Amino acid sequence: MSIETVSETKCFGGNQGVYKHDSEATGTPMTFQVFVPEHREGEKLPVLWWLSGLTCTHENAMIKCHYHEACAEHGIILVGPDTSPRGPDLEGNEVPDDEAYDFGQGAGFYVNATQEPWSKHFHMRSYVEEELPALVAENFPVDMERQGISGHSMGGHGALTVSLRNSGRFRSTSAFSPIVSPMNCPWGEKALSNYIGEDRADWREYDACALIEDGARIDHLLVEQGRADNFLDEQLKTWLLEDAVREAGMNAAISMQEGYDHSYFFVSTFIAEHIKWHAERLKA
């Protein structure tokens, strides 16, 4: 599987790269970013997958998260895909306007769409669970036995559900301001009804709380949520995840941070702590 190098830049002794390839999963070109810390020749490094939120591309976290220094310190590769297939000429992928930021381009929700016209291209679940890991393993010095996953907002939803559906793949899972139950919030109901259809039973595999209720488990989970997040009460509903992990007896740390909102200022404040937490588990 060949990739095209868009850019490569030295950063904290390592390499921050942006790459493009033709995706079989989405049927479109896809762009992703990879930070590879300085390392010995032939050495394989643990990998942390980062999934971004609504309206984001591969670039937002790369510019705003400030993860490079911590990844360099702990010797962790970070990979960040796009959030959806792109292209204004693709059916079902119109450029979003102010009223449609939460659906379509930039809002793939990490699902495999089954409804037309989105079923043609919106296969972000297959992309992040299957195609991109195989591509990264072939082209970068990653140790696929040591994987962690994290994300923000819609990407936090993605990190939780990808980890829950793939038992044993990830040694560590974290999330910032995640949508914990898309079945019970306006963002999720809009996305899932359009991408998956009206049968709510089909939504459960894309809802972290429902997956836990149905028996899925994560061994190590860390969640960070700001109490001043203006999306907390209507969209994120962190307490639903707190209830689910408590009833399941899961090993989870859910921290509510006073005064912090939904922005990358919040994420960048705590990202180094999360990477250190991942490193402790990925290197154990």
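In short, a report on the structure. (Residues numbered from 1 in each chain as written. Predicted model: local features only at pLDDT ≥ 70, side-chain atom pairs only at ≥ 80, totals over all residues. Heavy atoms only, no water.)

**A word on the packing of aromatic side chains**
Here is the rule we go by: Aromatic contacts are taken between Phe, Tyr and Trp rings whose centres are within 6.5 Å, Trp giving its six-membered ring; a plane angle under 30 degrees counts as stacked, one over 60 as edge-to-face, and the others as tilted. Per-residue accessibility, obtained with a 1.4 Å probe over protein chains only, is compared with the maximum for each type, and a residue is labelled buried under 20%, exposed over 50%, and partly exposed between these values. Numbering of helices and strands starts at the N terminus; helices are DSSP runs of H or I of at least 4 residues and strands are runs of E of at least 2.
In this structure the tally under the stated criterion is 13 aromatic pairs. A ring pair is formed by tyrosine 260 and phenylalanine 266, whose centres lie 5.7 Å apart and whose planes are at 40 degrees; its orientation type is tilted. Judged by relative accessible area, which is 0%, phenylalanine 266 ranks as buried. Ring geometry for phenylalanine 266 and phenylalanine 270: centres 5.6 Å apart, planes at 65 degrees, overall edge-to-face. In this pair, phenylalanine 266 and phenylalanine 270 both sit in helix α9 (residues 264–282), four residues apart, roughly one turn of the helix. One exposure class covers both phenylalanine 266 and phenylalanine 270, and it is buried.

**Overview of the environment of alanine 191**
Note the threshold: The criterion used for residue contact is that any of the two residues' heavy atoms lie within 4.5 Å.
Along the chain, alanine 191 falls in helix α5 (residues 186–195). Residue classification places alanine 191 among the buried residues on the basis of a relative accessible area of 0%. Once the C-alpha coordinates of alanine 191 and phenylalanine 103 are considered, the two residues, 88 residues apart in sequence, prove to be 6.2 Å apart. When sequence neighbours within four positions are dropped, the list of residues in contact with alanine 191 reads Phe103, Phe109 and Ile196.

**Quick word on empty space enclosed by the protein**
To be explicit about the condition: Detection works on a 1 Å grid of protein atoms alone, calling trapped sets that fit a 1.4 Å probe cavities and calling open sets with protein on both sides within 12 Å along at least five of seven lines pockets, with lining residues defined by an atom within 4 Å of a point. Grid points are joined across faces, edges and corners, and a volume is the space filled by probe spheres set on the points. Charged residues are taken to be Asp, Glu, Lys and Arg, nonpolar residues to be Ala, Val, Leu, Ile, Met, Phe, Trp, Tyr, Cys and Pro, and polar residues to be all remaining types, Gly included.
Tallying each qualifying case throughout the model produces one cavity of 30 Å³ or more. Size it by volume and the largest cavity reaches roughly 60 Å³. Contributing to the lining of the largest cavity are Trp49, Leu51, Pro81, Val128, Leu132, Ile149, Val162 and Phe170. Of all elements in the fold, only β4 (45–51) and α3 (124–139) reach the threshold of two or more residues within the lining of the largest cavity. Class assignment for the residues of the lining of the largest cavity results in eight nonpolar, no polar and no charged.

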